[in-house]
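Single-letter residue listing:
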Amino acid sequence: MRLSQVSFRYSRRGPWILEDVELALRPGSVVEVTGRNGAGKSTLLRLLAGFVPPTRGSVSGRPRVVGYAPDVFPTGQPFTVSAYLAHMTRVRGASPAAAGDLARRLNAVHLLDLPLGDLSKGSAQKVGLIQSLLGPPDLLILDEPFAGLDEQTRAELPAVIGEIAARGGIVVVSDHQNQLREFPGADHCLVADRAVTVHPAARPAEQDPGPGSEPDPGPGSERDTEWVLGRPAEPDPDPGSGSGSGAGLGSGSGSERDAGRAAGQGPATDRRAVIEVLVDPDEADEVEQKLRADGYTARRIL
Amino acid sequence: MTRLTRFKLSAYARSHRLFQPAIGLLLMLGVFYSTLTPPGKELSAYADSAGLLIVVFAWAARSLLDTEPAAQRLVSMTAADGPGREIGAGLLAAFTVNLMFAAIAVVTPLLHGFAATPAPGDVARGAVLHLLGLSAGTALGALTSHPIMQSPAASMLTLFGGYVALLLVSLTPVGRFTVPVMPWMRAANDGALDTVLLPVTAAALFWSAAGLAAYVRLRRTRP
């Protein structure tokens, strides 16, 4: 599947949301889409899913069976969970047993007899995931799928995503919480400034670098390109200690700084700022994840 | 698409949104036939009913198309293999509901409303006029539905204002070139419906098709 020179705006005189986006999604790929609120993540997902046509450019090679789970599942519908899923199963022409199997897997059997309107956010999210997996999809688009999920489902979802990818499906996940940062082989996509920057999947050596052993991709690598395209500079108050936690591509690493210098950006210290943020200990994980999802390096100083 | 149409109809019926236009329909039929229509005036009564019920047909179409939340429309698009099928299923569901309403409007006076049973030809002509009314009403309802008009107030004003404008314009000499509601009412009252039925049908279907085409075109960027 390929997006070629895709630009999009919602009205003729409206601002461009995305401009000249080039994106190729190969079968079996898993792509995590991150970016600030309002950056255009949902618009990118809508273009990928085919809900709207691009204003300019083209989208080609979209798989026929598409699954989509919205960020907020619409519970304002007059059905029980089982009646709703039965309708969606029939519309998709899926196996009648598919919804039940998925409900068991995502720990949602106890929800089947409940009206949609009685569901909590996390339970509704499960129903949205189940309907998106009926098919099964060759292109699965999940908009913030981890929000509100219980631990068991949160742990199961990456396995489901991996299975779809393993059978040649494409999975695109808008993931503000960066839950897929450790997902093996996942590409990362940053939506910012009307552009989409692709961070290819981390190589095995990059996934778990030891202290002081960060890989340096060298000039001309993909990561050089990311830097040149304007990735945020990394605030690292202690450059000598390595990047510490979150060494995946989505959270950046010291090697990007090195690559930036190699690409002629000048001393990285000229473009850095350190912001100290004091948060409640219970919220620390969430804030750290959000910052990383937005492309910044966040470090916990206890 | 048929299965998605059934899903939309089921959601519409279960949501009780169906009751609003249904009550409107029954109230209007109650007014139309509060006194028995004398023999020979059945076609005129049918023509008035078909023209005045356009607003009910529009209301029904709008409320049906608004039943699904926006996110569910996106889900339905993927489930039905594309936006076109979701849009088509919505319109098909709206036509189905309005066909049911039109059938009630045609049959009710046969049971109570006409002093004498009209000729089968007049019943058929009445049914054709109701089909024209439901086509125009469905198009008007679709164009004022939530994906096209986000504001409920603007949507309702446009729906009722559009219907009144339709009636007023059709009173003027250019009325025959719009949805010719008043011309078909006058012709039926004068006993001359057969002479205008063809151009009236063509004009009504043309504008209904134009309205539906505009709706489909606008939905491309308003999923």
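Predicted model, so just to flag it, every value in this text is computed and none were measured. (Residues numbered from 1 in each chain as written. Chains lettered and ligands numbered in written order. Predicted model: local features only at pLDDT ≥ 70, side-chain atom pairs only at ≥ 80, totals over all residues. Heavy atoms only, no water.)

### Here's the deal with the overall build of chain A
- Scanning chain A for helices and strands turns up 9 helices and 9 strands.
- Relative to its 302 residues, chain A shows a buried fraction of 51%.
- Residue pairs at least 24 apart in sequence account for 70% of intrachain contacts in chain A once pairs closer than 6 positions are excluded.
- Here chain A has roughly 13600 Å² of accessible surface; of this, 51% comes from carbon and sulfur atoms. (Helix = DSSP H or I, 4+ residues; strand = E, 2+ residues; numbered from the N terminus. Buried < 20%, exposed > 50% of the residue type's maximum accessible area, 1.4 Å probe, protein only. Contact = heavy atoms within 4.5 Å. Areas by Shrake-Rupley, 256 points an atom, 1.4 Å probe, with all protein chains shown as cover.)

### Here's the deal with the interface of chain A and chain B
- Taken together, the contacts link 23 residues of chain A with 22 residues of chain B.
- Here chain A meets chain B over a buried area of about 2200 Å², counting both sides, of which 67% is carbon and sulfur.
- Looking only at chain A, the three residues that lose the most surface to chain B are Phe51, Pro78 and Val91 of chain A, adding up to 26% of its buried area.
- Taken together, the links from chain A to chain B amount to 1 salt bridge. (Buried area = accessible area lost by both parts, 1.4 Å probe. Salt bridge = Lys/Arg side-chain N within 4 Å of Asp/Glu carboxyl O.)

### Structural notes on the UniProt feature "transmembrane region" (unreviewed entry) in chain B
- Here, UniProt's "transmembrane region" (unreviewed entry) annotation points to residues 21-37, 43-65, 86-111, 123-144, 156-176 and 196-216 of chain B.
- Structurally, residues 156-176 of chain B comprises 76% helix and 0% strand, and the distance from its first C-alpha atom to its last is 26 Å. (UniProt positions renumbered as here; feature names shortened; annotations may be inferred.)

### Comments concerning the packing of helix 3 (residues 42-52) of chain B against helix 7 (residues 120-143) of chain B
Residue and element names in this part refer to chain B.
- Contact pair helix 3 / helix 7: the axes reach a minimum separation of 8 Å and the direction vectors enclose 10°. As the angle between them shows, helix 3 and helix 7 are arranged roughly parallel. Packed against helix 3, whose contacting residues are Leu43, Tyr46, Ala47, Ser49 and Ala50, the element helix 7 presents Asp122, Val123, Arg125, Gly126, Leu129, His130 and Gly133 at the interface.
- For the contact of helix 3 with helix 7, the residue count by class is 6 nonpolar, 4 polar and 2 charged. (Axes fitted to C-alpha atoms, helices over the stretch in contact; angles between N-to-C directions. Parallel < 35°, antiparallel > 145°, perpendicular 65-115°, else oblique. Nonpolar A, V, L, I, M, F, W, Y, C, P; charged D, E, K, R; others polar.)

### A few points about the sheet that holds strand 6 (residues 139-143) of chain A
Residues and elements named next belong to chain A.
- Ordered in space as 5-6-7-3-8-9, the 6 strands form an open sheet in which the pairing is mixed. Of all the strands in the sheet, just strand 5 (66-69) and strand 9 (195-199) have a single pairing partner and so form its edges. Each adjacent strand pair in this sheet contributes to an overall mean axis angle of 15°, direction not counted.
- Alignment of strand 8 (residues 187-192) against strand 9, held across 5 bridges, turns out to be antiparallel. (Pairing = 2+ DSSP bridges.)

### Details of the nonpolar core
- One finds Leu44, Leu48, Tyr84, Ile161 and Val172 of chain A to be the most contacted residues of the largest nonpolar core, which totals 77 residues.
- For this core, the element with the highest residue contribution is helix 2 (residues 81-92) of chain A, accounting for 6 residues.
- Excluding residues within four positions of it along the chain, Leu44 of chain A makes contact with Leu3, Leu18, Leu23, Val33, Val191 and Val196 of chain A.
- Counting 54 residues, the second-largest nonpolar core is a separate cluster that includes Leu29, Ala45, Leu91 and Ala187 of chain B. (Core = buried A, V, L, I, M, F, W, Y, C linked by side-chain atoms within 4.5 Å.)

### A look at the side chain of Ser29 of chain A
Residue and element names in this part refer to chain A.
- Among the secondary structure elements, Ser29 is positioned in the loop between strand 2 (18-24) and strand 3 (30-34).
- A distance of 2.7 Å separates the side chain of Ser29 from the backbone oxygen of Arg26, its partner in a polar contact.
- When near neighbours in sequence (up to four residues on either side) are disregarded, Ser29 contacts Gly169, Ile170, Val171 and Asp187. (Polar contact = N/O pair within 3.5 Å; in protein donor to acceptor, adjacent residues only side chain to side chain.)

### Looking at the environment of Ala105 of chain B
Residue and element names in this part refer to chain B.
- Structurally, the position occupied by Ala105 is in helix 6 (residues 83-111).
- On the basis of relative accessible area, Ala105 is assigned to the buried category, the value being 0%.
- For the pair formed by Ala105 and Ala127, sequence separation is 22 residues and the distance between their alpha carbons is 9.0 Å.
- In this view, Ala105 contacts Leu25, Leu29, Tyr33, Tyr46, Ser49, Leu53 and His130; residues no more than four positions away in its chain are not counted.

### Regarding a nonpolar patch on the surface
- On the surface, Ile275, Val277 and Val279 of chain A cluster together to form a nonpolar patch covering roughly 290 Å² of accessible area.
- Take Val279 of chain A: it is sitting in the loop between helix 8 (254-262) and helix 9 (284-293). (Patch = residues over 30% accessible without salt bridge, like charges linked within 9 Å, V, L, I, M, F, W, Y side chains within 5 Å.)

### Some thoughts on the pattern of salt bridges
- On inspection of all chains with the given rule, the structure shows 14 salt bridges over all chains.
- Salt-bridge contacts for Glu19 of chain A lead to Arg194 of chain A; the nearest nitrogen and oxygen are separated by 2.9 Å. Remark: Arg194 of chain A occurs in the loop between strand 8 and strand 9 and Glu19 of chain A occurs in strand 2; sequence separation between them is 175 residues.
- Here Asp101 of chain A makes a salt bridge to Arg104 of chain A, at a shortest N to O gap of 2.7 Å. Taken together, the positions of Asp101 of chain A and Arg104 of chain A, both in helix 3 (residues 98-105) and 3 residues apart, correspond to about one turn of that helix.
- Residue class for Arg104 of chain A comes out exposed when judged on its relative accessible area of 54%.
- Each of Lys8, Glu68, Glu86 and Arg219 of chain B takes part in one network of salt bridges that share partners.

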